[in-house]
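Spelled out from the first residue to the last, the chains are:
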Amino acid sequence: MEIRQIQQEHYVTLSPVGDLDAHSSVHLDEKIQKLVEAGKVMIHVDFSEVTYISSAGLGVFISYLDEIASQGGQLVLSQLSDNIYDVFSILGLNKLDHLIILSPEEKEVATYFVQK
Amino acid sequence: MKSYLRVRCSKEYLATIRDFVRDRLDEMKIEDVASHQIVLAVDECCANCMIHQHQCDGYSTLEITVYRQGDKVYTEVRDNMPAFPLDSYQPREIDQIVKDRAKGGLGINLIRKIMDEVKVEEQKGYYAYVLIKKIEPEGPSQTALAAG
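Summarised in this report is the structure supplied together with it.

Rules behind the numbers
- Residues numbered from 1 in each chain as written.
- Chains lettered and ligands numbered in written order.
- Predicted model: local features only at pLDDT ≥ 70, side-chain atom pairs only at ≥ 80, totals over all residues.
- Heavy atoms only, no water.
- Phe/Tyr/Trp six-rings, centres within 6.5 Å; stacked < 30°, edge-to-face > 60°.
- Helix = DSSP H or I, 4+ residues; strand = E, 2+ residues; numbered from the N terminus.
- Buried < 20%, exposed > 50% of the residue type's maximum accessible area, 1.4 Å probe, protein only.
- Pairing = 2+ DSSP bridges.
- Contact = heavy atoms within 4.5 Å.
- Buried area = accessible area lost by both parts, 1.4 Å probe.
- Salt bridge = Lys/Arg side-chain N within 4 Å of Asp/Glu carboxyl O.
- Core = buried A, V, L, I, M, F, W, Y, C linked by side-chain atoms within 4.5 Å.
- Axes fitted to C-alpha atoms, helices over the stretch in contact; angles between N-to-C directions.

### Re the packing of aromatic side chains
Residues and elements named next belong to chain A.
Item 1. Following the criterion strictly, the structure yields 6 aromatic pairs over all chains and no others.
Item 2. Taking the centre distance of 6.2 Å and the plane angle of 75° together, the rings of Phe-47 and Phe-88 count as edge-to-face. Of this pair, Phe-47 sits in the loop between β3 (42-46) and β4 (50-53) while Phe-88 sits in helix α3 (residues 82-90), and the two are 41 residues apart along the sequence.
Item 3. Overall, the relative accessible area of 1% leaves Phe-47 in the buried class.

### Here's the deal with the pairing of strand β2 (residues 61-69) of chain B
Residue and element names in this part refer to chain B.
Item 1. Both strand β1 (residues 3-8) and β2 contribute to a ladder of 6 bridges, which runs antiparallel. Pairing of Ser-3 across the sheet is with Val-66, part of β2.
Item 2. Pairing of β2 with strand β3 (residues 72-79), which is carried by 7 bridges, proceeds in the antiparallel orientation. Looking at β3, one finds that Tyr-67 is bridged to Tyr-74.
Item 3. Taking the residues that link successive antiparallel strands as the turn, the β2-β3 hairpin has 2 residues, and the phi of Gly-70 there is positive, at about 60°.

### Here we look at the interface of chain B and chain A
Item 1. Tallying the contact residues gives 29 residues for chain B and 25 residues for chain A.
Item 2. Here chain B and chain A share an interface that buries about 2,300 Å² over both sides, 60% of which is from carbon and sulfur atoms.
Item 3. It is His36(B), Arg101(B) and Lys103(B) that lose the most area in chain B upon contact with chain A, and together they represent 28% of the buried surface on that side.
Item 4. Our enumeration of links across chain B and chain A arrives at 5 salt bridges.

### Looking at the nonpolar core
Item 1. Phe47(A), Phe61(A), Leu77(A), Phe88(A), Ile17(B), Val21(B) and Ile64(B) are the most contacted members of the largest nonpolar core, which totals 76 residues.
Item 2. Take this core: its biggest share by element is 11 residues, from helix α2 (residues 32-53) of chain B.
Item 3. The contacts of Phe47(A), once residues within four sequence positions are left out, are Leu20(A), Ile53(A), Phe61(A), Leu77(A), Ser78(A), Gln79(A), Leu80(A), Ile84(A) and Phe88(A).
Item 4. Within the second largest apolar cluster, 6 residues are counted, among which are Met42(A), Val76(A), Leu102(A) and Val109(A).

### Remarks on the sheet that holds β1(B)
All names here are of chain B.
Item 1. Strands sit in the order β1-β2-β3-β5-β4 across an open sheet of 5 strands; the sheet is antiparallel. Lying at the two open borders of the sheet, with one neighbouring strand each, are β1 and β4 (117-123). Shown here is a sheet whose adjacent strand axes are inclined to one another by a mean of 20°, direction ignored.

### Notes on unusual backbone geometry
All names here are of chain B.
Item 1. Positive phi outside glycine occurs at Lys-29, with the angle close to 60°.
Item 2. Mapped onto the fold, Lys-29 is located in the loop between α1 (14-27) and α2.
Item 3. A positive phi is found at Gln-55, a non-glycine position, where the angle reads about 50°.
Item 4. Here Gln-55 lies in the loop between α2 and β2.
Item 5. Its relative accessible area of 57% is what places Gln-55 among the exposed residues.

### Digging into the pattern of salt bridges
Item 1. Applying the stated criterion to the full structure yields 14 salt bridges over all chains.
Item 2. The salt bridge involving Glu63(B) is made with Arg6(B); its shortest N-O contact spans 2.8 Å. On the criterion of sequence distance, the pair formed by Glu63(B) in strand β2 and Arg6(B) in strand β1 is long-range, its members being 57 residues apart.
Item 3. By relative accessible area, Glu63(B) is classed as buried at 13%.
Item 4. Three or more residues joined by partner-sharing salt bridges are found here, namely Asp19(A), Asp21(A), Arg18(B) and Asp43(B).

What follows is the structure, encoded as structure tokens:
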């Protein structure tokens, strides 16, 4: 799976391309693991080119939430399609602390990473 | 006639399974939200079989069938390995999964929330996971009615 990574001023943007399923999500897992281990816990994931997500993809985000929060970080997801947002909401993941899911209209990701 | 797909127990074939199920549902003219949810449930079921029942052994196979009876869509995943307890599994609390920093534990939860009925049947030496979803009767969509 292709995952573009861009270092922004106060956070890192990851842009996966394609389906996030049990086969492909391991690549995203490795990317986030490296960031968290390096102390880069301000993470934005751009979903504009993600076409599908299964529980394996959800599990990647869920498994790092506690650690990111404990390091004072933030995980922000943006540009989810309706079907992908539906998968998060079926399990109530759209209401979790420390996991911010932006609506399609919200473009100003940086405001969620204001230095504390 | 019921069409079926037989695939090897390797995760790289999950996309093939999703395409097959989506195409069958398109033929049945199942609306997009329900179609996406059924595809997801079948994907979760097959991934569970591949990973936990077969340890991704590419020599084993799964067989997937999709058909409609009245207002219900049936999907069956047939496996020759003893079944995981899809119909009796008690989903874990999401907060606990977050606290445990676990990557798994969400798939069966999703299947149970998406599908209206979930059964595990023994069929002539095979185990079949039967996932059933009720479909809205054909006609003007709720959105169209609201707009009209």
